[in-house]
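Residues per chain are reported as follows:
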Amino acid sequence: MRTYWLGFAAAAFLMMAGCSATKEKEAEPVVPVQVTPVTRGSIQRVVIADAVLFPKTQSSIMPKISAPVRAFHVNRGDHVRQGQLVAELENKDLAAATTDTKGAMEQAQAQYTNVAAATVPDEVTKSQQDVKAAQQAMDAARKVYESRQELLRQGAIARKLVDDANVAYVQAQSQFNTAQEHLKSVQNVSRHEEVKSAAGQLESAKGKYQGAEAQLSYSQVRSPINGVIADRPLFPGEIAGAGSPLLIVMDISHVIARANVPVAEAAFLKVGNAATISQTDANIEVSGKITVVSPAVDPSTTTVQVWVEATNPGERLRAGVTVKITAIAQTINDAIVIPQAGILPSQEGDTVVMVVGSDMVAHERKVQVGVKQGDKAQIVSGLQPGEQIVTAGGVGLQDGAKVRTGPAKSDEKEAGKGDKDDEKSKGKDKAKDKDDDDDKKK
């Protein structure tokens, strides 16, 4: 009898041990996760930076003279064209000075005309006549001298008469030479200098008149560019000082966003690259391109200034606001790409992903991440196309853990609710069986 009970007890113990092992096996956790295959594709290196907007061109209109403002023809916010009259300054004194210098110029013009056309030609004519008369006198004296020489050879006259004729001839020849030199002087020196002097006086008068006209024109202030009036600090009647802004005009049909970009990112940016300017609080985005990548690094911020220019339809973007620039710096084709949700930090500080093999076991693997764009990331090393990585449920997942590609969280809740219902049903069945056993014993 004792042997019987010992055998029964051993059998019961073995059954209990088997049940315990089965329960432990069933209790081994299987973590539900979501997986995504590693693929090849293109990915873009996108540079995003904060920037400040500036107008394409801006002009502070400063008068060149100091005078009271007679009138403004524009107000803040008005659009103006290049060359448009925007303000007038008091100019009565300048108008009078212009009239005075104009009269002086006309007087110099008349004097020049008289010298060039009348006075000098008369002197030339007189000198020419003097030369002609001196030549005739010289010719007559030469003939007398020659005639008396012939008579002297014939013995008809005395030697003294021949000498007197020779002296007269030499004097006439000298007078002729003097007249010729005077004619040359009148033609080449006197005439040129007198005309030159008259021309100089005329040019001086013209310069003074042009200066007076310029001073008068400065009283009419015109816009140097197309744009919109951004500021008008004075009112009519106030003194406009030379060198102080009277008006500020901005051309905001095009805007330039200036951003300070880290050196490592700026190295991939080039002039002509496509870019966008966005003002998030106003939900405005415009397309443009990079126009400037500074060759110098700002030593205080160790950044590079980058300019993005874009059209401003409707002038919705305003100068001075803070915006974001987004520039496509590089497009990488045939890259290994995974969702960024699959990238995890390891306890050692490395970047890892959880790879799920065909045995449904998760394995931790170190990877090197390259370019990131949106919800995608480039993997430089550590993964091959076709492998499955965990994209949901990987946080806290241990290396070597059993996983299953379970439903989403909402489905898991429904599944958990179903398990609870099953447990409640099993509990009710057990209670019912117990009641039946008690009835049988009774």
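Above this text you will find the structure in question.
Residues numbered from 1 in each chain as written. Predicted model: local features only at pLDDT ≥ 70, side-chain atom pairs only at ≥ 80, totals over all residues. Heavy atoms only, no water.

**Here we look at the overall build of the protein**
Okay, step 1: Each helix and strand counted, the protein has five helices and 21 strands in total.
Okay, step 2: Looking at the protein as a whole, 28% of its 442 residues qualify as buried.
Okay, step 3: Taking contacts inside the protein between residues at least 6 apart in sequence as the whole, the part at least 24 apart equals 75%.
Okay, step 4: Taken as a whole, the protein presents about 27,700 Å² of accessible surface, with 52% of it coming from carbon and sulfur. (Helix = DSSP H or I, 4+ residues; strand = E, 2+ residues; numbered from the N terminus. Buried < 20%, exposed > 50% of the residue type's maximum accessible area, 1.4 Å probe, protein only. Contact = heavy atoms within 4.5 Å. Areas by Shrake-Rupley, 256 points an atom, 1.4 Å probe, with all protein chains shown as cover.)

**Some details on the packing of aromatic side chains**
Okay, step 1: Taken as a whole and judged by the stated rule, the model has one aromatic pair.
Okay, step 2: Measuring from ring centre to ring centre gives 6.3 Å for tyrosine 145 and tyrosine 169, while their planes differ by 0 degrees; the resulting arrangement is stacked. You can see tyrosine 145 sitting in helix H2 (residues 92-154) and its partner tyrosine 169 sitting in helix H3 (residues 159-217), a full 24 residues away along the chain. Per residue, the accessibility class of tyrosine 145 equals that of tyrosine 169, and both read buried. (Phe/Tyr/Trp six-rings, centres within 6.5 Å; stacked < 30°, edge-to-face > 60°.)

**Quick look at the environment of valine 355**
Okay, step 1: By secondary structure assignment, the location of valine 355 is in strand S16 (residues 351-356).
Okay, step 2: According to the relative accessible area criterion, valine 355 is buried, its value standing at 7%.
Okay, step 3: Expressed as a C-alpha distance, the spacing of valine 355 and proline 37, which sit 318 residues apart in the sequence, is 9.7 Å.

**Observations concerning the pattern of salt bridges**
Okay, step 1: Counted according to the given criterion, the structure contains twelve salt bridges.
Okay, step 2: The salt bridge involving glutamate 150 is made with arginine 153; its shortest N-O contact spans 2.2 Å. With a gap of three residues between them, glutamate 150 and arginine 153 both fall in helix H2, about one helical turn apart.
Okay, step 3: For arginine 153, a relative accessible area of 61% gives the class exposed.
Okay, step 4: Here aspartate 164 ties to lysine 160 by a salt bridge, and the two come within 3.2 Å at their closest N and O atoms. Of this pair, aspartate 164 and lysine 160 both sit in helix H3, separated by four residues, roughly a single helical turn. (Salt bridge = Lys/Arg side-chain N within 4 Å of Asp/Glu carboxyl O.)

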